[in-house]
Amino acid sequence: MKNIKDYTLEELKEQLVQMGEKPFRAEQIFAWLYVEKVKEFEEMTNLSKELREKLQKEFTMCNVKILQKQESVDGTKKYLLDLLDGNAIETVLMQYHYGKTICVSSQVGCKMGCKFCASTGIPFVRSLSAGEIIEEIIAVEQDTGERISNVVFMGIGEPLDNYDNVIKAIRIMNHPKGLNIGARHISISTSGLVPNIYRLAKENIPCTLSISLHATSNEKRSSMMPVNNAYPIEELIKACKDYLKEGGKRISFEYALAKDNNDAIGDAKQLVELLKGMLCHVNLIPINPIQNGKYDKSSMENIIRFRDYLNEHGIVATIRRELGSDIDAACGQLRRKNLNKGEEK
Ligand code: SAH
């Protein structure tokens, strides 16, 4: 059956016309789904009983279930969500001074194989539909009773490897009649799938693009991220410049510092060279060591020295505050979990 949350407003209008209904009904349905956040078609009381029954026959609402919730001492919450087909994914809610940010997953598992990431080594299962991504936001908003103002695609999966559904989900969350989250409050994070960065530049969505860079030479980056073999740094940077050329867009480069790997001043120097003249921001992340991984966290002293070097040489850099590490909810710690017991799979 079709999930009603898989459709943008325009697509839902078409669906209703095909059912012999007036297109404005789609706006009413959108309001029930994303403003009122109802769980049943029955609750859509400004639609006739007949239409509600028709919708019930044609569509599911695919309400995800919260299987587990963990709360960190810093207020970060990690949710294990049941996708209703035996799969489950993790979603994290973080509290910043400017509002609530949700870190959504875009796939069940990930194909990218980054050596430092906990999602690696577990087989990839499937991509999420647009409606399932939207459900991550709705489920958490309903649980907390508070509005989410920012969305980052930094959970499990590679969003640009699930391009169409991610774009559709962004259109639904961004629509003033949908979840009404501004494009500037939405970030897509990518390991660097170059062809889809060019595609994204052409979409009329001024969201922030986060590039998981992590190294400045192809040799080092390829050793950390196999995707670099397919799309080396020069091509990635060229695609980023193209993205910036399209109006109103921003880029943030993610750089996870690992001890004795990519945290020397020489690396900072190369980073300055690489990003010279680009309107961008660098986010420094103390790498989170994973089980049996070969990378250790850089010392805070090194990280600060690295940041200061960038700032002194014209690159705006900040150190990302670590949230939720006590509940395994910090960067790169999310994994695909088995439904019944919440265990790794
Ligand atoms: N596939 C996407 C989004 C998911 S990962 C991407 O690669 O960008 C979200 C961010 O967490 C990325 O910047 C990723 O490189 C980073 N990350 C993954 N594992 C990490 C770890 N162990 N420590 C710190 N950051 C990590």
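See the structure shown above.
Here the structure is a predicted model, which means the values were calculated and not measured.

Basis of the calculations
- Each residue is numbered by its place in its chain's sequence as written, counting from 1.
- With pLDDT at 70 or above as the cut-off, local features in this predicted model cover only qualifying residues; side-chain atom pairs require 80 or more to be listed or tallied, and sums for whole chains, interfaces and linings still use all residues.
- The basis for every side-chain value is the complete set of heavy atoms in the structure, and neither hydrogens nor water enter the calculation.
- Helix and strand definitions here come from DSSP, where helices need a minimum of 4 consecutive H or I residues and strands a minimum of 2 consecutive E residues; each element is numbered from the N-terminal end.
- Radius of gyration: C-alpha atoms only; globule rule: 2.2 Å multiplied by the number of residues to the exponent 0.38.
- Relative accessibility decides the category of a residue: with a 1.4 Å probe and only protein chains considered, values under 20% of the type maximum give buried, values over 50% give exposed, and everything between is partly exposed.
- What makes two residues a contact is simply this: any of their non-hydrogen atoms within 4.5 Å.
- Lys and Arg are tallied as positive, Asp and Glu as negative. Neither His nor the chain termini are counted.
- For this purpose, a charge sits on NZ of Lys, CZ of Arg, CG of Asp or CD of Glu.
- One heavy atom suffices: a residue is near a molecule or strand as soon as one of its heavy atoms comes within 4 Å of it.
- Between N or O atoms, a polar contact is any pair within 3.5 Å; within protein, one atom must be a potential hydrogen donor and the other a potential acceptor, and residues adjacent in sequence are included only when both atoms are from side chains.
- We call Asp, Glu, Lys and Arg charged. Ala, Val, Leu, Ile, Met, Phe, Trp, Tyr, Cys and Pro are nonpolar, and the rest, Gly among them, are polar.
- Pairing of aromatic rings covers Phe, Tyr and Trp, the last counted by its six-membered ring, and requires centre-to-centre distances within 6.5 Å; plane angles under 30 degrees mean stacked, over 60 mean edge-to-face, and any other angle means tilted.
- Should the NZ of a Lys or the CZ of an Arg lie within 6 Å of a ring centre and within 35 degrees of the ring normal, that charge is described as sitting over the ring.
- To obtain an axis, a line is fitted to C-alpha atoms, over the contacting stretch when the element is a helix, and the angle between two such axes runs from 0 to 180 degrees between their N-to-C directions.
- Oblique is the label for any angle not covered by the other classes, which are roughly parallel (under 35 degrees), roughly antiparallel (over 145) and roughly perpendicular (65 to 115).
- Rotating anticlockwise by less than a right angle from the far helix to the near helix defines a left-handed crossing, while the corresponding clockwise rotation defines a right-handed one.

Participant: Explain the overall build of the chain to me, please; I cannot follow it from the model alone.
Facilitator: Helix and strand content of the chain: eleven helices and 15 strands. The globule rule puts the C-alpha radius of gyration for 345 residues at 20 Å, and the 21 Å found for the chain is close to it. Based on the C-alpha atoms only, the size of the chain along its principal axes is roughly 70 × 45 × 35 Å. Residues counted as buried form 56% of the 345 residues belonging to the chain. Expressed as a percentage of contacts within the chain between residues at least 6 apart in sequence, the contacts between residues at least 24 apart total 65%. Charged side chains in the chain number 47 positive and 47 negative. The centres of these two groups are separated by 2 Å.

Participant: What should I look at first to understand the site of the ligand in this one?
Facilitator: Neighbouring the ligand are 19 residues, the closest being Phe116, Ser189, Ser212, His214 and Asn288. Between a nitrogen atom of the ligand and a main-chain N or O atom of Gly157, the distance comes to 3.0 Å. Asn288 is positioned with one of its backbone polar atoms (N or O) 2.9 Å from a nitrogen atom of the ligand. Grouping the amino acids of the shell around the ligand by side-chain chemistry returns eight nonpolar, nine polar and two charged.

Participant: What exactly am I supposed to notice about the side chain of Asn196 here?
Facilitator: Summarising the element assignment, Asn196 is placed in helix α6 (residues 194-202). Within the structure, the side chain of Asn196 is placed 2.7 Å from the backbone oxygen of Leu160, a separation counted as a polar contact. Setting aside residues up to four positions removed in sequence, Asn196 forms contacts with Leu160 and Tyr163.

Participant: How should I be thinking about the packing of aromatic side chains in this particular structure?
Facilitator: Working definition: an aromatic ring pair is given by the centre-to-centre distance plus the angle between the planes. In this structure the tally under the stated criterion is four aromatic pairs. With a centroid separation of 4.8 Å and an interplanar angle of 75 degrees, the aromatic rings of Phe30 and Tyr34 are classed as edge-to-face. One end of the pair is Phe30 and the other is Tyr34, both in helix α2 (residues 24-36) and four residues apart, which spans about a single turn. The ring of Phe124 is capped by Lys111, whose NZ or CZ atom sits 4.8 Å from the centre of that ring.

Participant: Explain unusual backbone geometry to me, please; I cannot follow it from the model alone.
Facilitator: Located in the positive-phi region is Lys37, a residue other than glycine, with phi close to 55 degrees. Judged by relative accessible area, which is 18%, Lys37 ranks as buried.

Participant: Explanation requested: the packing of helix α4 (residues 130-144) against helix α5 (residues 163-174) in the structure shown.
Facilitator: When two helices pack together, their arrangement is given by the angle between the helix axes and the distance between those axes. Two elements in contact, α4 and α5, have axes separated by 8 Å at closest approach and are oriented at 45 degrees. Considering their axes alone, α4 and α5 lie oblique with respect to each other. At the point where α4 passes α5, the crossing takes the right-handed sense. Of the residues in α5, those touching α4 at Ala130, Ile133, Ile134 and Ile137 are Asn165, Val166, Lys168, Ala169, Ile172 and Met173. Tallied by class, the residues present in the contact of α4 with α5 amount to eight nonpolar, one polar and one charged.

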